[in-house]
Amino acid sequence: MAGDVPNLKEFDQRLRDEASEPTLEVPQGEPTSKTQIIAIYGKGGIGKSFTLANLSHMMAEQGKRVLLIGCDPKSDTTSLLFGGKACPTIIETSTRKKLAGEEVKIGDVCFKRGGVFAMELGGPEVGRGCGGRGIIHGFELLEKLGFHDWDFDYVLLDFLGDVVCGGFGLPIARDMAQKVILVASNDLQSLYVANNVCSAVEYFRKLGGNVGVAGLVINKDDGSGEAAAFAEAVDIPILASIPQDDDLRKKSANYQIVGTAQSQWGQLFAELGDNVAVAPPVRPAPLDQDGLLGLFDASETGGDYVLVPATDTDMRGKNAEPKPSLEVVYDEA
């Protein structure tokens, strides 16, 4: 019977290991790899996958060797590149192969189209694991597959910017990338995420890290100017402005590649590719909350609101009753 009782102590330790943050030592010294490893960050749904799929396709068309790695648990990075078809993720393939007693091979997880090599790290099912630790596990497997020996001009990493845990901050914290590209639009939430990433870059630069921000890609640009004002305020360049256009929206929704010379949008992505290649990693100057709100009209954001402190009586509501005073009051002589 004793053998049927689970070891709760070991189970507890596994849960603690799963929930703990990774160690984030920052290596010193300038990166020396000839491969440019670039991490792209942005708010979920802002258009990172659209931007990266077309950017990577254009770079390959220009004769560059490009590896695109999706690092978002939604696993939507490669869908546009592969015409909507989802490729097996590294995490799910690793789990399946491990149960079968087999080793993961590069052909199980890496696929190609138009000269672009692409793969998805994936993530755990909802409520069944930590997405950040899934990212770490995925990169550990990439190292076993020979990541450091691969011959690419560019490795593009698509990261969700909303999540601020150590796993998603891996490229910045461990100098895995040389530079970061931000994708945002003219809205407060996407610029809030972009500003958070700038804060992370600045934090690790203070610890001796080397990663910098190459610049901002403005997606769905309606010309209102808030994203451009943000770029100027944090002192980073604008790499491209992708207009808010119905043709782009329809082609993206239908998984059509526009980052090609055969497209009317080809020149835009060709210029973005050129800018990404030469943009140096700069140290941004992140804004505080008031500075971020100041980019927008106060009537739209509530930026002119004055905080009103609550009182004890407010908190008690209907339970608020006057308390008898213990103060001694003396009659005047």
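Keep in mind it's a predicted model, so treat the numbers as computed, not measured.

Visitor: Teacher, can you tell me more about the packing of aromatic side chains here?
Guide: For any pair of aromatic rings, geometry is given as the distance between the ring centres together with the angle between the planes. This structure, assessed with the given rule, holds five aromatic pairs. Residues Tyr41 and Phe159 carry aromatic rings whose centres are separated by 5.3 Å and whose planes lie at 20 degrees to one another, so their mutual orientation is stacked. Of this pair, Tyr41 sits in strand 1 (residues 36-42) while Phe159 sits in strand 5 (residues 154-160), and the two are 118 residues apart along the sequence. Phe159 sits in the buried class, given a relative accessible area of 0%. Taken together, a centroid distance of 5.5 Å and an interplanar angle of 70 degrees make the contact between Phe117 and Phe152 edge-to-face. Residue Phe117 is located in strand 4 (residues 116-120), and its partner Phe152 is located in the loop between helix 6 (131-144) and strand 5; the two are separated by 35 residues in the primary sequence. Here Arg65 stacks its cationic end above the ring of Phe152, 4.9 Å away from the centre of that ring.

Visitor: Quick question: what am I supposed to make of the environment of Asn196 here?
Guide: Position of Asn196 among the secondary structure elements: in helix 8 (residues 188-206). In sequence terms Asn196 and Gly161 are 35 residues apart; their C-alpha atoms lie 8.2 Å from each other.

Visitor: Where do I start with the pattern of salt bridges in this structure?
Guide: Opposite charge on two side chains makes pairing possible when the charged atoms of those side chains draw close. Within this structure, the stated rule accounts for eight salt bridges. Between Arg316 and Asp312 there is a salt bridge, and its shortest N-O distance comes to 2.8 Å. Remark: Asp312 and Arg316 occur in helix 14 (residues 312-316); sequence separation between them is four residues, near one turn of the helix. Arg316 gets classed as partly exposed once you look at its relative accessible area, which sits at 39%.

Each value, and the rule that gives it
- Residues numbered from 1 in each chain as written.
- Predicted model: local features only at pLDDT ≥ 70, side-chain atom pairs only at ≥ 80, totals over all residues.
- Heavy atoms only, no water.
- Phe/Tyr/Trp six-rings, centres within 6.5 Å; stacked < 30°, edge-to-face > 60°.
- Helix = DSSP H or I, 4+ residues; strand = E, 2+ residues; numbered from the N terminus.
- Buried < 20%, exposed > 50% of the residue type's maximum accessible area, 1.4 Å probe, protein only.
- Lys NZ or Arg CZ within 6 Å of the ring centre and 35° of its normal.
- Salt bridge = Lys/Arg side-chain N within 4 Å of Asp/Glu carboxyl O.

Function-wise, these values are silent; they only describe arrangement.
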